[in-house]
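# Coordinate analysis (summary)
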Amino acid sequence: MASAARYYNLDSMIRAFIEKNGGGNIINLGAGLETAYYRLNEQSATFYEIDMPDVIAARRTILGEQKNEVLIAGDIFDMEWVKQIDKSVPTLLVVSGVFQYFKEDAVVQFINNVKRVFSKVELIFDATNETGIKYTNKYVKKTGNTGALMYFYINDGAEFAERTETKLVEERVFFTDARKMLKKKLGIYTRIAMKIVDDKKRGVLLHLRIK
Ligand SMILES: C[S@@+](CC[C@H](N)C(=O)[O-])C[C@H]1O[C@@H](n2cnc3c(N)ncnc32)[C@H](O)[C@@H]1O
């Protein structure tokens, strides 16, 4: 449910950006096999899918590279990928399911680097709060996959925006629409869990205007 709600909300935020700007760059950082390009079917925007070389190679084999879509192999933090982007175009960076795995210093440094390079840029990413990270890491440790531990969290989106000298456009919880749309189709435990996650902001989508 969390993944479905995350993509549902990201899609609506990306669509709104494209509509507001009449197109633009949608840069999916740490894209994996994510399929927003196909779901949105927005020909007025250029979609960039950036990930590590082995992942991009797998993506190229499985999904290919479509019209208005550019696949770039590289590390999102070394900023080499920006050389392939038209930076005069309104740009939305989408980072979904990625920042959690890094330390806060790396995320803040990334935002500072983006600030230096782009003239007009916004960023959307998902984040868990400190309590959510503790729960998740407990689960991850149980699986024995200690390489997937999470570090970066956000307790207060407004405070994070102030600290990074960015503008908070929106802090959106995951399940507002899902709870309305699905109502009694969900079990009582799921409904309660979703309400707690929303009320306590355990999972949010943060939309920042960087410049
Ligand atoms: C949990 S997956 C999320 C995939 C996709 N964004 C989604 O929402 O379905 C994390 C992705 O980030 C990529 N990734 C992690 N660190 C990266 C880095 N430094 N540079 C580029 N990609 C990275 C991984 O290879 C992986 O595909």
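Up top is the structure.
In this report, we go over the structure that sits alongside the text. (Residues numbered from 1 in each chain as written. Predicted model: local features only at pLDDT ≥ 70, side-chain atom pairs only at ≥ 80, totals over all residues. Heavy atoms only, no water.)

What surrounds the ligand is a group of 17 residues, the closest being Tyr7, Gly30, Asp51, Asp75 and Ser96. Within the side chain of Tyr7, one N or O atom sits 2.6 Å away from an oxygen atom of the ligand. In isolation the ligand has 590 Å² of accessible area, and contact with the protein removes 76% of it. Considered class by class, the residues forming the shell around the ligand number eight nonpolar, five polar and four charged. (Near = heavy atom within 4 Å. Polar contact = N/O pair within 3.5 Å; in protein donor to acceptor, adjacent residues only side chain to side chain. Areas by Shrake-Rupley, 256 points an atom, 1.4 Å probe, with all protein chains shown as cover. Nonpolar A, V, L, I, M, F, W, Y, C, P; charged D, E, K, R; others polar.)

Looking now at the pairing of strand β5 (residues 121–128). The element β5 is extensively covered by neighbouring structure, given that eight of its eight residues are classed as buried. Residue alternation in β5 divides its side chains into two sets, Val121, Leu123, Phe125 and Ala127 and Glu122, Ile124, Asp126 and Thr128, and both sets are buried. Sheet topology note: the strand β4 (residues 91–95)/β5 ladder contains five bridges and is parallel. What sits directly across from Val94, in β5, is Ile124. Where the polypeptide runs from β4 across helix α4 (residues 104–117) and back to β5, its parallel neighbour, the crossover connection is right-handed. Bridging between β5 and strand β7 (residues 203–209) involves seven bridges; their strand directions are antiparallel. In the sheet register, Leu123 faces β7, and the bridge partner there is Leu208. (Buried < 20%, exposed > 50% of the residue type's maximum accessible area, 1.4 Å probe, protein only. Helix = DSSP H or I, 4+ residues; strand = E, 2+ residues; numbered from the N terminus. Pairing = 2+ DSSP bridges. Right-handed = clockwise from strand over helix to strand, strands pointing away.)

In this section: the pairing of strand β3 (residues 69–73). Relative to β3, strand β2 (residues 45–51) runs parallel, the two sharing five bridges. Counted as the bridge partner of Ile50 is Ile72 from β3. For the crossover that starts at β2, traverses helix α3 (residues 53–62) and ends in the parallel β3, the hand is right-handed.

With 20 residues, helix α1 (residues 2–21) extends 29 Å from end C-alpha to end C-alpha; this agrees with the ideal 28 Å at 1.5 Å per step. Ala5, Arg6, Asn9, Leu10, Asp11, Met13, Ile14, Phe17 and Ile18 are the residues of α1 that are buried. (Expected span 1.5 Å × (residues − 1).)

This part is about helix α8 (residues 188–199). For α8, built from twelve residues, the straight-helix expectation of 16 Å at 1.5 Å per residue is met to within 8% by its first-to-last C-alpha distance of 16 Å. One or two steps after α8, the chain reaches Lys201, where phi turns positive at roughly 50°.

Note on sheets: strands pair through backbone hydrogen bonds, and any given pair is parallel or antiparallel. Read from one edge to the other, the open sheet built from seven strands follows the order β3-β2-β1-β4-β5-β7-β6, with strand pairing classed as mixed. Bordering the open sheet on either side are β3 and β6 (167–173), each of which pairs with just one other strand. For this sheet, the mean angle separating the axes of adjacent strands, direction not counted, is 20°. Looking at chain direction, strand β1 (residues 24–29) and β2 are connected through six bridges and run parallel. Bridge assignment links Asn28 to a residue of β2, and that residue is Glu49. (Axes fitted to C-alpha atoms, helices over the stretch in contact; angles between N-to-C directions.)

On to the nonpolar core, then. Core analysis: the largest hydrophobic core is formed by 32 residues, its most contacted members being Trp81 and Phe125. Looking at this core, the elements with two or more residues in it are β1, β2, β4, α4, β5, α6 (157–163) and β7. Those residues within four positions of Trp81 in sequence are excluded, and the remaining contacts are Ile27, Leu29, Ile50, Ile72, Asp75, Ile76, Leu93, Phe110 and Phe118. By size, the runner-up hydrophobic cluster in this structure holds 21 residues, among which are Phe17, Ala36, Ala45 and Leu186. (Core = buried A, V, L, I, M, F, W, Y, C linked by side-chain atoms within 4.5 Å. Contact = heavy atoms within 4.5 Å.)

Note that Lys141 resides in helix α5 (residues 130–143). Assessed through its relative accessible area of 54%, Lys141 is described here as exposed. Separated by 67 residues in sequence, Lys141 and Gly74 have C-alpha atoms that sit 28 Å apart.

Per the counting criterion, the structure on display carries 15 salt bridges. As a salt-bridge pair, Asp126 and Arg6 come within 2.8 Å of each other at their nearest N and O atoms. Here Asp126 is found in strand β5, whereas its partner Arg6 is found in helix α1, with 120 residues between them in sequence. Residue classification places Asp126 among the buried positions, given a relative accessible area of 4%. Look at Arg6 and you get buried, because its relative accessible area is 14%. Of the charged contacts in the structure, one is a salt bridge between Lys20 and Glu122, with a shortest N-O distance of 3.1 Å. One end of the pair, Lys20, is in helix α1; the other, Glu122, is in strand β5, with 102 residues separating them in the sequence. According to the relative accessible area criterion, Glu122 is buried, its value standing at 7%. (Salt bridge = Lys/Arg side-chain N within 4 Å of Asp/Glu carboxyl O.)

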